[in-house]
Amino acid sequence: QVQLVESGGGLVQPGGSLRLSCAASGSIFETHNMAWYRQVPGKQRELVARIFSGGATFYVDSVKGRFTISRDNAKNTVYLQMNSLKPEDTAVYLCNAVALITLRLSWGQGTQVTVSS
């Protein structure tokens, strides 16, 4: 199983930017599809963006054109660059890994992103 540690969250004004990082350890990073989810209290956890082992990406409509997911396999790290942030982006952002062969899920602890003036 892979261990995931997120960082980079914080307080930012509307229109600002943040870059989240998720460092992975404990397994072969290249054999996992990676994703960022977000969760607001009282709401269902929402998929934000996914990057597959081959590099293809998927984004939920609400973040298309504003967020970019990327991965650095040499550093075992996945990133989420968030631009033009809106108050509705406020959430705990969680990193997720899915092993290609076993489909085992791994989750990080999350990092808080607050967009407010």
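Below is a summary of the structure that appears in this document. Per chain, residues are indexed from 1 in the order of the written sequence. Note on the predicted model: pLDDT of at least 70 is required for a residue's local features to be given, and 80 or more for side-chain atom pairs to be given and counted; whole-chain, interface and lining totals, by contrast, use all residues. Just so you know, side-chain values use all the structure's heavy atoms and leave hydrogens and water out.

1. Brief notes about the sheet that holds strand β3 (residues 18-25)
Consideration 1: In this description, strands pair whenever DSSP reports at least two bridges between them. Secondary structure elements follow DSSP: runs of H or I no shorter than four residues count as helices, runs of E no shorter than two count as strands, and numbering proceeds from the N terminus. Here we have four strands laid out as an open sheet, ordered β1-β3-β8-β7, and antiparallel in their pairing. Every other strand in the sheet has two partners, leaving β1 (3-7) and β7 (67-72) as the edge strands with one partner each. Here the strands of the sheet are splayed against their neighbours by 15 degrees on average, with no regard to which way each runs.
Consideration 2: With five bridges connecting them, β1 and β3 associate as antiparallel partners. Opposite Q3, over in β3, you have S25 as the bridge partner. Whenever a helix is involved, its axis is fitted only over the stretch in contact; in every case the axis is a line through C-alpha atoms, and angles between N-to-C directions fall within 0 to 180 degrees.

2. Regarding the state of the cysteines
Consideration 1: Note on terminology: pairs of cysteine sulfur atoms within 2.5 Å are recorded as disulfides. Enumeration over the complete set of coordinates arrives at one disulfide.
Consideration 2: Here C22 connects covalently by a disulfide to C95, the sulfurs 2.1 Å from one another. Here C22 and C95 share a disulfide; its torsion about the S-S bond, -85 degrees, makes the bridge left-handed. Of the two residues, C22 sits in strand β3 while C95 sits in strand β9 (residues 91-99), which places them 73 residues apart along the sequence. With respect to burial, C22 and C95 carry one shared label: buried. Note on exposure labels: buried denotes an accessible area under 20% of the residue type's maximum, exposed denotes more than 50%, and partly exposed covers the range between, all computed with a 1.4 Å probe on protein chains only.

3. Side note on the packing of aromatic side chains
Consideration 1: A pair of aromatic rings is counted whenever rings of Phe, Tyr or Trp (Trp by its six-membered ring) have centres within 6.5 Å, and the orientation is called stacked for planes under 30 degrees apart, edge-to-face for over 60 and tilted otherwise. What the rule picks out here adds up to one aromatic pair.
Consideration 2: Measuring from ring centre to ring centre gives 4.9 Å for Y37 and W107, while their planes differ by 65 degrees; the resulting arrangement is edge-to-face. Taken as a pair, Y37 in strand β4 (residues 32-39) and W107 in strand β10 (residues 105-107) lie far apart in primary sequence, 70 residues in all.
Consideration 3: Classification of Y37 by relative accessible area gives buried; the value is 15%.
Consideration 4: Placement of a charge over a ring requires the Lys NZ or Arg CZ to be within 6 Å of the ring centre, with the centre-to-atom vector within 35 degrees of the ring normal. Above the ring of Y79, the side-chain terminus of R19 is found at 4.0 Å from the ring centroid.
Consideration 5: R45 extends its terminal NZ or CZ atom over the ring of W107, reaching a point 4.4 Å from the ring centre.

4. Here's the deal with the nonpolar core
Consideration 1: Side-chain atoms within 4.5 Å link the members of a nonpolar core, which is a set of buried Ala, Val, Leu, Ile, Met, Phe, Trp, Tyr and Cys residues. Counting residues in each nonpolar core, the largest one holds 28 residues, and the members touching the most others are M34, W36, V78, L80, M82 and Y93.
Consideration 2: Elements with a minimum of two residues in this core: β3, β4, β5 (46-51), β7, β8 (77-82), β9 and β11 (111-115).

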